[in-house]
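What follows is each chain in one-letter form.
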Amino acid sequence: MSAVPVFLYHSVTSDPPPWIAPYTVTPRAFTEQLDRIADAGLTIIPLRRLVAAIRGGPALPARCAVLTFDDGFADFYWSVAPLLTERALPATVFITTGAVHPPGGAPEGSLLPPAAMLSWRQIATLDALGIEIGGHTVTHPQLDALPAQRVWHEVVDCKRRLEDALNHAVYAFAYPHGYSSNAVRRTVREAGWTSACAVRNALATADRDPMRIPRLMVRADTRPELFTQWVRGGGAPVNPAGESFRTTGWRLYRRTRALLGRPVGGPSESGTLSRESG
Ligand SMILES: [Zn+2]
């Protein structure tokens, strides 16, 4: 089967806070990208359809793509949802539950710097519109640098909070910063999540691990030519199997820094992500 681009967006706005600006696309660029996908004849399918195919379910259309949005920025509600509903396109939004508006209030809160985030009411409305709501932890930590018990809390409490708010089960998870490890993936599975998205800047296929679905991050500086290549099934590796030495070495460094109380990598999906591409 052909490779499936699973696109990862963050904020879609013309006026982002500086910390997320490099990972933000304007509504105009986003609309052009939707047009490019349509012009290339790709069908945008729900993430759960790709997951079902990975699990041996119905085959996918010959050429398709998936749209995902991380963190839960409020601009999804105002800028993205109208475009998607107008075109009847599916998407998944991964919510950092501790960052949901209004912020604060123990025991929640998140490591994400201030930004306009979705409210629980908006999240419920998106759910009712058919947008899939997924989980992205409570506080947005680097899960692979955390002790096992805190990983469990992050993935279980996030799921519970979303299910309480929506009155139904949720199944799709995404690792903050794209970071996971064998132990993290096992914990996410044990918590009841049935799929998990990484970053890895690669195309997906339907014959690999549903707990490690690679995605292509669309950034402010993503050139239209590269986006077109992705849409055509090129411009990136297809589902790389293992982790490079550089990735595992970088994780060891981050874990050591975290143990010393000096975490690296900042709270956002920062530039460190490029190191996870291997
Ligand atoms: Zn994130």
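Shown above is the structure to which this text applies.
Residues numbered from 1 in each chain as written. Predicted model: local features only at pLDDT ≥ 70, side-chain atom pairs only at ≥ 80, totals over all residues. Heavy atoms only, no water.

Caption draft 1: Structural detail: the overall build of the protein chain. When helices and strands are counted, the protein chain shows eight helices and 10 strands. Taking all 278 residues of the protein chain together, 53% fall into the buried category. When contacts within the protein chain are restricted to residue pairs at least 6 apart in sequence, those whose partners lie at least 24 apart make up 68%. Here the protein chain displays about 11,900 Å² of accessible surface, and carbon together with sulfur accounts for 55% of that area. (Helix = DSSP H or I, 4+ residues; strand = E, 2+ residues; numbered from the N terminus. Buried < 20%, exposed > 50% of the residue type's maximum accessible area, 1.4 Å probe, protein only. Contact = heavy atoms within 4.5 Å. Areas by Shrake-Rupley, 256 points an atom, 1.4 Å probe, with all protein chains shown as cover.)

Caption draft 2: Region of the structure containing the pairing of strand S5 (residues 64-71). Of all eight residues that make up S5, eight are buried, and the element is covered over most of its length. Sheet topology places strand S4 (residues 43-44) next to S5; two bridges connect them, and they run parallel. In the sheet register, Thr43 faces S5, and the bridge partner there is Cys64. One ladder, built from four bridges, connects S5 with strand S6 (residues 92-95); its direction is parallel. In the sheet register, Thr68 faces S6, and the bridge partner there is Thr92. Taken together, S5, helix H3 (residues 75-87) and S6 constitute a β-α-β crossover, and its handedness is right-handed. (Pairing = 2+ DSSP bridges. Right-handed = clockwise from strand over helix to strand, strands pointing away.)

Caption draft 3: Examining the environment of Val80 more closely. Tracing the backbone through its elements, the reader meets Val80 in helix H3. Of the residues examined, Val80 reaches a relative accessible area of 0% and is grouped as buried. Considered as a pair, Val80 and Thr13 are 67 residues apart in the sequence and their alpha carbons are 9.2 Å apart.

Caption draft 4: Representation of the packing of aromatic side chains within the structure. On inspection of all chains with the given rule, the structure shows 11 aromatic pairs. Measuring from ring centre to ring centre gives 4.9 Å for Tyr77 and Trp78, while their planes differ by 75 degrees; the resulting arrangement is edge-to-face. For Tyr77, a relative accessible area of 22% puts it in the partly exposed group. Between Phe173 and Tyr175 the ring centres are 5.6 Å apart and the planes differ by 75 degrees, which places this aromatic pair in the edge-to-face class. Joined through ring pairs, the aromatic side chains of Tyr9, Phe30, Phe69 and Phe76 make up one cluster. (Phe/Tyr/Trp six-rings, centres within 6.5 Å; stacked < 30°, edge-to-face > 60°.)

Caption draft 5: Looking closely at the pairing of strand S9 (residues 195-200). Of all six residues that make up S9, six are buried, and the element is covered over most of its length. The β-α-β motif built from strand S8 (residues 172-174), the intervening helix H6 (residues 182-190) and the parallel element S9 has right-handed crossover chirality. Here two bridges tie S9 to strand S10 (residues 213-217), and the two strands are oriented parallel to one another. If you follow Arg200 over to S10, its bridge partner there is Arg215.

Caption draft 6: How the structure looks around unusual backbone geometry. A cis amide bond links His101 with the next residue in sequence, Pro102, at an omega value of 0 degrees. Within the secondary structure layout, Pro102 lies in the loop between S6 and helix H4 (120-128). Positive phi is not limited to glycine here, since Asn201 has a value of about 45 degrees. With respect to the secondary-structure elements, Asn201 resides in the loop between S9 and S10. Given a relative accessible area of 24%, Asn201 falls into the partly exposed group.

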